[in-house]
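What follows is the residue order along each chain.
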Amino acid sequence: MARSNNKALNNWEYPKKSGIRFSEILNKNSNETFGCSYRVNVPPKITGKLRLRRQFTNKEDAENWANEMFTGSKAHGHDFFDLNDTDRRQVRVVLPILKKHGLSLDEVVKYGVKHIRPEGRGKTLHDVIFELVSSKELRFKRGDLRDRSFKDFKQRADKFGLAMHGRLISEISVKEIKGWLIELKLSNRSNQNYISVLGEIFKYATQCKYIGSSPIDELTDTDRRELCGTTGEAKEPSILTPTQAEKLLITAYEHPKLKLLGAVTLALFCGLRTEELKRLDWVSVKLNDKPATVTIGAKIAKKRRIRHVDIPNNALQWLKLVHSKQGFVSKNEHYNDHQKRFKKLLKLAEFEKWESNAMRHSFGSYHYALHNNPLETARLMGHKASDQVLFDHYRALATKAQAISYFAITPPANTNKIVRFA
């Protein structure tokens, strides 16, 4: 085997006053010379450990490495030499970039650990949905969550989970979510409902540190307008004329099997929401109190806004015509039972077109026009007192004369002679 016999020709310090020594080596093998190389020695006083030595085939590479060792030791002390060459190369590349943007390596590392490699990065979407649905089911059984709220969340969450079957939650992007919603071809309102459910799922995952941030937060204003329409300006609500309201009441009276007279009366003259009417028990309707009131308790009020609503005198007269005042105000055999019966009522009353929440909006408009007290109208309807846009619309929809006529709608003196519309 050939024997190497390399010999140092020159040696010097580089950079000056650094303590790092260079040696120019004459390369020989079996008494045959084949060029020279450059050996760099970094002494223990710089590394804090053993001497560090590297050999290079050209002087430029040797000087670059010596410079890196010297500047690294000045900036980071002995800790710099805990890094290998690959680590040092990465630091040398990224540090100037960080400085350009006013960031420190410490800041970026902490952010990266939290967002790029979160603690629960192995969690699948199915795992997260299961955890959240289980929590909601517990609240539902305890009575803290309504049946419809629980079922609606579970149905939407499960549908999304099925579409993203087996995926890690950290892998799901805002682009995929938007694409999935577009493919469903749903209404703006349905898209908004899905975004709310998905927002809750990803927020939960973020709070549990399964992901660093929620992709739902990355939806731009343009994305939301594309999916949900423009919501900046409130739509003017549709209201009933006094004649239409009277026609609806008389039809409900003339068809007692539908059991809707109580619900229609409380919607028209007390402003109750459809969802509140579905869960309202006659126990909460105090017809004999002075004044008569209906109580919307925490279990049925939207966002738990408890309120007591005075029942006007004309409404009392209609409520006295309700035959049975036991159990639910609106017969409640099934969740969708109310809606099916109400559609029959509209057909019998010959309403060709019906705007959602028309009875509740009618109450708001006429009550506001009659009393000119937005705070009181807001309280009775369970709205925030600051909902100015809504009341600006109500104020424009009805006059005081119309409001007087509306709250004067009473049953005919002889109800046996009511004209049947069916």
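Computed from a predicted model, the values in this text were never measured in an experiment. (Residues numbered from 1 in each chain as written. Predicted model: local features only at pLDDT ≥ 70, side-chain atom pairs only at ≥ 80, totals over all residues. Heavy atoms only, no water.)

**Describing the sheet that holds strand β5 (residues 285-286)**
One open sheet holds the three strands; their spatial order is β5-β6-β7, and the pairing between them is antiparallel. Every interior strand has two partners, whereas the edge strands, β5 and β7 (307-310), have only one. As judged from the two bridges shared by β5 and strand β6 (residues 293-296), these two strands associate in the antiparallel manner. Looking across to β6, one finds that K286 is bridged to T293. (Pairing = 2+ DSSP bridges. Helix = DSSP H or I, 4+ residues; strand = E, 2+ residues; numbered from the N terminus.)

**A closer look at the pattern of salt bridges**
Across all of its chains, the model carries 20 salt bridges by this definition. A salt bridge links E176 to R167; the shortest N-O distance between them is 2.7 Å. Judged by relative accessible area, R167 falls into the partly exposed class, the value being 22%. A cluster of three or more residues bridged by salt bridges with shared partners is formed by R148, E275, K278 and R279. (Salt bridge = Lys/Arg side-chain N within 4 Å of Asp/Glu carboxyl O. Buried < 20%, exposed > 50% of the residue type's maximum accessible area, 1.4 Å probe, protein only.)

**Regarding helix α8 (residues 188-207)**
Working note: α-helix, 3.6 residues per turn, so residues spaced by three or four point in the same direction. For α8, with 20 residues, the first-to-last C-alpha span of 28 Å sits near the 28 Å given by 1.5 Å per residue. In this fold, the buried residues of α8 make contact with α5 (125-142), α6 (147-163), α7 (174-184) and α9 (221-228). Looking at the residues trailing α8, positive phi occurs at K209, about 65°. (Expected span 1.5 Å × (residues − 1). Contact = heavy atoms within 4.5 Å.)

**Points about the pairing of strand β3 (residues 32-42)**
By the bridge criterion, eight bridges tie strand β2 (residues 21-29) to β3 in an arrangement that is antiparallel. If you follow N29 over to β3, its bridge partner there is E32. Of the pairings in the sheet, the one linking β3 to strand β4 (residues 52-56) comprises five bridges and is antiparallel in character. When the bridges of β4 are listed, V42 appears paired with L52.

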